[in-house]
Structure formats: structure tokens, C-alpha cells
Amino acid sequence: MNGLRALVRLGAEAPGGLALPDAQPTPSQLYAPRGVYFDERVFVAVDSGNHRVLIWHGRPTTDGQPADVVLGQPNPFTEGPRAGGRGPENGFHLPTGALVIDERLLVADAWHHRILVWATIPTESDTPPDFVLGQDDFALTEPNRGGAVSACSLYWPYGLGWIDGWFYVADTGNRRVLGWEGVPEPNRAADLVLGQVDAEHNGENRDGPVAADSFRWPHDIAGTAENLLIADAGNHRVLGWLPAPTRDRAADVVLGQPGFDTAREFPYGAQSAAGFRFPYGVSSDGDLLAVADTANNRVLLWHGLPTTVAQAADCVLGQPDFASNGENRWSAVTDDSLCWPYGLWLTGDTLAIADSGNNRILLWDVSAFTRSEVRQIEQPVHP
């Protein structure tokens, strides 16, 4: 037993072994959450299925704790894209990622092909954003601003990152990652385009075979001052740059594949500590790397940053061993089972997991792993 345990559950309870959201949204419920962020001041849950963002002042400490602020809906009891029909100026359409940079809150409003920005973290519900990235104004919602791809346009932006003074966007529909040095402003062209030959192209794997410098569905971003990590979900891998690139170049490390030129989807019954099926989330603080291996219904952990190709994980959450991958272990929902985990956020000894298929977010205590030098820890435990 490794001592890893879920501390707090936000969202759906599991009566009778099912984790179902209420028929009507509440400040306590979540529906298919895909993103999560927290620091010492604020906890942010991207409640994707309800097309809203929930904010807690400080980290939640009790199961089912209601949120303090709801964004994207007129009140905590409504749902639906575009704020239930009020329009894109007041609502989201499948928000997926959130990030706080200094005092700014940024939300990836994926199906509106934009990023909404609040100049300060809202303290009241239904607070409108202050500006938008990826569109000319709040009323516009077409991919790539309704035209050709450019260094200022977005198409299904899913993940956000703030790493060593750089702001990154996983521009998933354009099959690239954009980077800005410093805090982004409206209509400012990206300083970095990864995954394409230039800012005017958006072909899958650069319109060729999978390679060390290409993406199919880049979905999430993590890293430190020494590295950049990108979850390339469509190619079933995570790419790593050592150090973070300032220009487009090939990655230095790949996880989940035996090499940079493969994109194998490992099917049921063929799982290991070194393979992925649609890894949608990644988070790292330098001492620990966490990857949401979404279609395998698990989260994999590494001590430090892997530096070799296809390096095996050291620990698995959500499954009894590295060979298993069933939704909730093909059984009833428990406090340490997972079903299609998406977003991750790691700070200190706490890992937040957006357990999307179970309509909840779990906060895990990973201190036993971060302090351990023992490899191949496998068995998660109940609290």
C-alpha cells in the first residue's frame, strides 16, 4: 500500500456506485469537467458539460463543497452553451482549460475558438470578461476568426500553460502550440509556433507522417524553467523539450511510444507502464510528472522528468496495476477509481484530477509518492 489517497471530492456523489450529476445544475455539481487549476488563493473548476466555470475562494476542504462564484451562466442553476441562449458575449461553449497569471483569470472557450480573460479573479457570479484572445470581439465565434489560420487565430483551443514567463495555448484544431513571451494581449501575434512549418499552416502531423516536431491533437501543456511538455493526445504520446524551445524544433523526449515516428493506440488488454491511449492532461512541478491517460482510465506518475524515450511510469492512480484499464475498474465508482480523467493540476503534495466520466474532481494527496524513492508503486488505497 502506498498511502496515496483522494482527500476531497467535488461534484457528483456515487450513490449505488454511480456518479451522476443532478438533473439541474447547482453550485455543488459538475457535469463532465475537463479542466482544473488551483493555487493558495483560488480553486477553479471548468465545468465543461454545464458550459460554465466554478470558483472557490481558497482550496475546498469538504466533499461537495459549493462554489463561491459561477461564470458563464446567469446563476448557479442554469446551463447550456452561450449562457443558455443569452449569446456568446455572456457565455461559453465547451470551456476546457483555466489558468491564473498573476491576477488574471484565463479560460479556454474551446468551441467559441477563443480565450476569455478577466483582469482580476472574479468575486461575483456572472462577471463578464474584460477582453478576448483569438477573436476580434466577444460576439464572434468562428474558427480562425472566420478566415485563414494565422499567428493570431485559434481553432479549438483546449489547454493553457504559463511556464517561466511564457504563455502557451494548445491550439488543437490547428494542430499546433502557440507561445507568447510575457502576458498576452489582444491581437498580438504569437512569438512561437510549434508543430507547423509556419503560422499559416495547420495540417495534421505537418501533412505527413508522425514525427518529433508534429502534432495530431495537442491538448495540454506543462513544464518548468528547464522543460516544456505537451500532451499530444491524438498521437497517444507526450512530447518533451529540454530546454523549452524559443523556435520550432523537434522534441527531445517522447513518452507513450517506442519512438518519435510511431503513434500506436494500445488497445484493451495490451496496457503497460509505458503506453497511452489518448493522454489529454499533463502537469508537472519538476519533482513529479502526472499524465492523464484518459482512455485507459488512469493517471500515471513519474519521479522527476523522464529523460529517455518511452520511460515507464513509476506509479498508477485509478487502477490496481499497470495492466488494467477498465472504467472504474469495471466496477462501482469508488473514491479512488477513475473514468475518463482529463485535466490535471499539481501543486505541492496535492494533485487535482478532473474525473470527467464520473462528473467530479478529486483532490489527491500524493505526498507518499513525492517523498518516496521506491519505484513501481502500484496500488492506490481508499482514504
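What comes next is a walk through the structure. From a predicted model like this one, the values you see are computed outputs, not experimental measurements.

So, on to the overall build of the chain. When helices and strands are tallied, the chain shows 2 helices and 24 strands. A compact globule built from 383 residues should have a C-alpha radius of gyration of about 21 Å, and the chain, at 19 Å, falls within 12% of that. Projected onto its principal axes, the C-alpha coordinates of the chain cover approximately 50 × 45 × 35 Å. Per-residue burial over the chain gives 60% buried out of 383 residues. Taking contacts inside the chain between residues at least 6 apart in sequence as the whole, the part at least 24 apart equals 49%. For the chain, the computed accessible surface area is about 13,600 Å², with 51% contributed by carbon and sulfur atoms. Looking at charge distribution, the chain has the averaged site of its 26 positive side-chain charges lying 3 Å from that of its 48 negative ones.

What follows concerns the sheet that holds strand β23 (residues 350-355). The pairing of strands in a sheet happens through backbone hydrogen bonds and is either parallel or antiparallel. Read across the open sheet, the 4 strands follow the order β1-β24-β23-β22; overall the sheet is antiparallel. In this open sheet, the two strands that pair with only one neighbour each are β1 (5-11) and β22 (341-347). On average, each strand axis in the sheet is tilted by 20 degrees relative to the strand beside it, whichever way the strands run. Of the pairings in the sheet, the one linking β1 to strand β24 (residues 360-365) comprises 6 bridges and is antiparallel in character. By the bridge assignment, valine 8 is partnered in β24 with leucine 363.

This brings us to the nonpolar core. Among the nonpolar cores identified, the biggest contains 35 residues, and Val44, Ile55, Leu71, Leu105, Ile115, Leu160 and Phe167 are the most heavily contacted of them. By size, the runner-up hydrophobic cluster in this structure holds 18 residues, among which are Leu346, Leu351, Ile353 and Trp364.

Right, let's talk about the sheet that holds strand β4 (residues 52-57) for a bit. What the 4 strands build is an open sheet, ordered β2-β3-β4-β5; its pairing is antiparallel. Looking along the sheet, the strands with just one partner apiece sit at the ends: β2 (35-38) and β5 (69-71). Averaged over neighbouring strand pairs, the angle between their axes works out to 15 degrees when direction is ignored. As judged from the 4 bridges shared by β2 and strand β3 (residues 42-47), these two strands associate in the antiparallel manner. Looking at β3, one finds that tyrosine 37 is bridged to valine 44.

Rules used in this analysis
- Residues numbered from 1 in each chain as written.
- Predicted model: local features only at pLDDT ≥ 70, side-chain atom pairs only at ≥ 80, totals over all residues.
- Heavy atoms only, no water.
- Helix = DSSP H or I, 4+ residues; strand = E, 2+ residues; numbered from the N terminus.
- Rg over C-alpha atoms; globule rule 2.2 N^0.38 Å.
- Buried < 20%, exposed > 50% of the residue type's maximum accessible area, 1.4 Å probe, protein only.
- Contact = heavy atoms within 4.5 Å.
- Areas by Shrake-Rupley, 256 points an atom, 1.4 Å probe, with all protein chains shown as cover.
- Lys, Arg positive; Asp, Glu negative; His and termini not counted.
- Charge placed at Lys NZ, Arg CZ, Asp CG, Glu CD.
- Pairing = 2+ DSSP bridges.
- Axes fitted to C-alpha atoms, helices over the stretch in contact; angles between N-to-C directions.
- Core = buried A, V, L, I, M, F, W, Y, C linked by side-chain atoms within 4.5 Å.

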